[in-house]
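Listed below, chain by chain, are the residues.
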Amino acid sequence: MAPQRRGAPKAPEGSGTAERRRPSSMKSARAPREVRRRWLRAAVLGAGAALAAALLLWGSLAGEDGVTEVLAHRGEVLPGRFIEVPCSEDYNSHRRFEGCSPIKCGRGVSDAVITREEARRVRSIAEKGLSLGGSDGGASILDLHSGALSVGKHFVNLYRYFGDNVENVFSEEDFRVYRDVRQKVQLAIARAFGISASSLYLTKPTFFSRINSTAARTAHDEYWHAHVDKVTYGSFDYTSLLYLSDYLEDFGGGRFVFMEEGANRTVEPRAGRVSFFTSGSENLHRVERVRWGTRYAVTIAFTCNPDHSIADPAFT
């Protein structure tokens, strides 16, 4: 009997026809899954990158010093913050002056002593002076009292080296602003430690600093080592710093760190901010390395010993 034709015959199971039909349908089914896999892979990679960036940022904010507490954030405007700490024995090996030598020791920060406009004017003095020289490394110094100025790998006396030309760089107004700011800082320290401002004397070295990320060329450029001011400079009894630029706006790194066992504490510079402290071992400290930008500050030191006093710079 002749076979009846009822349409196209079915392909045998396992035949090439059936196998050839599957790929197109499988591709269409696989496509959404592949897209999802790629999306998930990208999302995981993105999340990993974000986490790495967050950790990097946290590390940069925490700093190389293991900071566990920020005493003064850049964004804060502090009328005054003071922390009392026990005095070290460093002062016992020096002549003591009643009513001045540290009995109450500690550290303070204030944004109410110097205005940001005053800080801007003081910074302009630093910029003008340092434009005459500058270290080959990352740390440059200008001392208006002694005349010391970083030039290359050395120091020169600004007043001798440039002679009468100095009068074309600075003005009498510059020195008046500098003196007024110094006096305001002196009064703030006296109030914080309960002593008479008249018992404090300006001492050396008092100087401007300009720090950037350039590699150190000499030991003078290695500003980041921990130290005690009273040990380094025996005349120091009270140390202060007036910041002339802003952390994370003008520079990165460069925070001031009080070092304590298991609990480093930092001050984030802000133009016009004054940080001050007794100069003994109770305030061991360092400055973080500046990673980018330029950090300006002026260190203003005070002694109780009139034999170690220095005069304000004068415009002649």
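Structural data are supplied above this passage.
Below is a short write-up of the structure. Here the structure is a predicted model, which means the values were calculated and not measured.

## Description of the state of the cysteines
Logical step 1: According to the stated counting rule, one finds two disulfides in the structure shown.
Logical step 2: Between the sulfur atoms of Cys100 and its disulfide mate Cys304 the distance is 2.1 Å. Its S-S torsion of about -80° marks the bond between Cys100 and Cys304 as left-handed, since a negative value means left-handed. Of the two residues, Cys100 sits in the loop between strand E2 (81-85) and strand E3 (105-110) while Cys304 sits in the segment after strand E16 (295-303), which places them 204 residues apart along the sequence. For the pair Cys100 and Cys304, one class covers both residues: buried.
Logical step 3: Disulfide partners in the protein, listed by the sequence order of the bonded cysteines, are 1-3, 2-4.

## Remarks on helix H2 (residues 116-130)
Logical step 1: When the terminal C-alpha atoms of H2 are compared, their 21 Å separation across 15 residues agrees well with the 21 Å that a helix rising 1.5 Å per residue should span.
Logical step 2: Turning to H2, its buried residues are Glu118, Ala119, Val122, Ile125, Ala126, Gly129 and Leu130. End-on view of H2: buried residues confined to an arc of 125°, all on one side of the axis.

## Notes on the side chain of Lys230
Logical step 1: Turning to its location among the elements, Lys230 is positioned in helix H5 (residues 229-232).
Logical step 2: A polar contact of 2.8 Å, which involves the side chain of Lys230, links it to the backbone oxygen of Gly234.
Logical step 3: Engagement of the side chain of Lys230 in a polar contact is seen with the side chain of Asp237, the distance being 2.9 Å.
Logical step 4: Excluding residues within four positions of it along the chain, Lys230 makes contact with Asp90, Tyr91, His94, Ser235, Phe236, Asp237, Ser279 and Gly280.

## Overview of the pattern of salt bridges
Logical step 1: Evaluation of the coordinates by the stated rule reveals 20 salt bridges.
Logical step 2: One salt bridge in this structure joins Arg265 and Glu260, with 2.5 Å as the shortest N-O distance.
Logical step 3: On the accessibility criterion, Arg265 (19% relative accessible area) is buried.
Logical step 4: On the basis of relative accessibility, which here comes to 27%, the residue Glu260 falls in the partly exposed class.

## Things to note about the packing of H2 against helix H4 (residues 172-193)
Logical step 1: As a packed pair, H2 and H4 sit with axes 10 Å apart at the nearest point and diverge in direction by 125°. Comparing the axis directions of H2 and H4 gives the class oblique. The element H2 and its partner H4 pack so that their crossing is left-handed. Between H2 and H4, the contacting residues are Glu118, Arg121, Val122, Ile125 and Lys128 on the first element and Glu173, Asp174, Arg176, Val177, Tyr178, Val181 and Lys184 on the second.
Logical step 2: Taken together, the residues of the contact of H2 with H4 sort by class into five nonpolar, no polar and seven charged.

## Overview of unusual backbone geometry
Logical step 1: At the junction of Lys204 and Pro205, the peptide bond is cis and its omega measures out at 0° in the coordinates.
Logical step 2: Among the structural elements, Pro205 can be located in strand E8 (residues 201-211).
Logical step 3: Although it is not a glycine, Leu248 sits at a positive phi angle of roughly 70°.
Logical step 4: For Leu248, the position within the fold is in the loop between strand E9 (238-243) and strand E10 (251-253).

## Describing the nonpolar core
Logical step 1: Formed by 44 residues in total, the largest nonpolar core has its most connected members in Leu144, Phe208 and Tyr238.
Logical step 2: Sorting the residues of this core by element identifies H2, helix H3 (158-162), H4, E8, E9, strand E13 (274-278) and E16 as the ones contributing at least two each.
Logical step 3: Look past the residues within four positions of Phe208 in its chain and what remains in contact with it is Val122, Ile125, Ala126, Ser140, Ile141, Leu142, Leu144, Tyr178, Leu244, Ala297 and Val298.

Cut-offs used in this document
Residues numbered from 1 in each chain as written. Predicted model: local features only at pLDDT ≥ 70, side-chain atom pairs only at ≥ 80, totals over all residues. Heavy atoms only, no water. Disulfide = S-S within 2.5 Å. Helix = DSSP H or I, 4+ residues; strand = E, 2+ residues; numbered from the N terminus. Buried < 20%, exposed > 50% of the residue type's maximum accessible area, 1.4 Å probe, protein only. Expected span 1.5 Å × (residues − 1). Arc of directions from axis to C-beta. Polar contact = N/O pair within 3.5 Å; in protein donor to acceptor, adjacent residues only side chain to side chain. Contact = heavy atoms within 4.5 Å. Salt bridge = Lys/Arg side-chain N within 4 Å of Asp/Glu carboxyl O. Axes fitted to C-alpha atoms, helices over the stretch in contact; angles between N-to-C directions. Parallel < 35°, antiparallel > 145°, perpendicular 65-115°, else oblique. Left-handed = near helix turned anticlockwise from the far one by under 90°. Nonpolar A, V, L, I, M, F, W, Y, C, P; charged D, E, K, R; others polar. Core = buried A, V, L, I, M, F, W, Y, C linked by side-chain atoms within 4.5 Å.

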